[in-house]
Amino acid sequence: MAWIVLILSAVLEAVWATALEASNGFTVLLPSVVFAVAAALSMAGLGYAMKFIPISTAYAVWTGLGAVLTVAWAMVTGSEEPGVLKVLFLAGIIGCVIGLKLVDKPDPAVDKNS
């Protein structure tokens, strides 16, 4: 469950980053509100996930996926030019995130059902 929450929190990181840009320095109301809500939920989810996933892994996954999703959204919406190298490097980040998941060893002292 913690991994699902962490991934959803990374999605929310991309939402708040995109909303932050759209808020034009917090001068546009709706994106400013979306930013505040998404940032709060993203941080809350990250905090929850860190109860079960080591901070080094959780934070790297959260920031890595959030960055990839933010760039991917910018490329899909046309606000940023896609490029072969850019896509290759984003795939590298995804590969590293998968690697962190694969090497994550759960702490047997932590009750995973909490």
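Scroll up a little and you will see the structure.
Below you will find a few notes about this structure. (Residues numbered from 1 in each chain as written. Predicted model: local features only at pLDDT ≥ 70, side-chain atom pairs only at ≥ 80, totals over all residues. Heavy atoms only, no water.)

If you trace the backbone, Leu 100 turns up in helix H4 (residues 84-103). You can call Leu 100 partly exposed: its relative accessible area is 26%. The spacing of Leu 100 and Ala 60 is 40 residues in sequence and 8.4 Å in space, taken between C-alpha atoms. Apart from residues no more than four positions distant in its own chain, Leu 100 is found in contact with Thr 57, Ala 60 and Val 61. (Helix = DSSP H or I, 4+ residues; strand = E, 2+ residues; numbered from the N terminus. Buried < 20%, exposed > 50% of the residue type's maximum accessible area, 1.4 Å probe, protein only. Contact = heavy atoms within 4.5 Å.)

Throughout the structure, instances matching the rule amount to four aromatic pairs. An aromatic cluster is present here, built from Trp 16, Phe 26 and Phe 35 joined pairwise through their rings. (Phe/Tyr/Trp six-rings, centres within 6.5 Å; stacked < 30°, edge-to-face > 60°.)

This paragraph deals with a nonpolar patch on the surface. A grouping of Ile 7, Val 11, Val 15, Leu 30, Val 34 and Leu 69 is seen on the molecular surface, where their side chains present a nonpolar patch of about 450 Å² in accessible area. If you list the elements that add at least two residues to the nonpolar patch, you get helix H1 (2-22) and helix H2 (29-49). Top element by residues in the nonpolar patch is H1. It accounts for three residues. Here Val 11 lies in helix H1. With a relative accessible area of 37%, Val 11 lands in the partly exposed category. (Patch = residues over 30% accessible without salt bridge, like charges linked within 9 Å, V, L, I, M, F, W, Y side chains within 5 Å. Areas by Shrake-Rupley, 256 points an atom, 1.4 Å probe, with all protein chains shown as cover. Salt bridge = Lys/Arg side-chain N within 4 Å of Asp/Glu carboxyl O.)

Ranked by size, the top nonpolar core spans 18 residues in total, and within it Leu 6, Trp 16, Ile 53, Val 61 and Trp 62 carry the most contacts. Contributions of two or more residues to this core are made by H1, H2 and helix H3 (55-77). With six residues, the single largest contributor to this core is H1. With near-sequence residues (within four places) excluded, Trp 16 lies in contact with Phe 35, Ala 38, Ala 39, Ser 42 and Trp 62. (Core = buried A, V, L, I, M, F, W, Y, C linked by side-chain atoms within 4.5 Å.)

Right, let's get into unusual backbone geometry. The phi torsion at Asn 24 lies on the positive side, around 55°, for a residue other than glycine. Residue classification places Asn 24 among the exposed residues on the basis of a relative accessible area of 54%. A positive phi angle, close to 65°, is found at Phe 26, a residue other than glycine. Within the element layout of this structure, Phe 26 appears in the loop between H1 and H2. According to the relative accessible area criterion, Phe 26 is partly exposed, its value standing at 47%.

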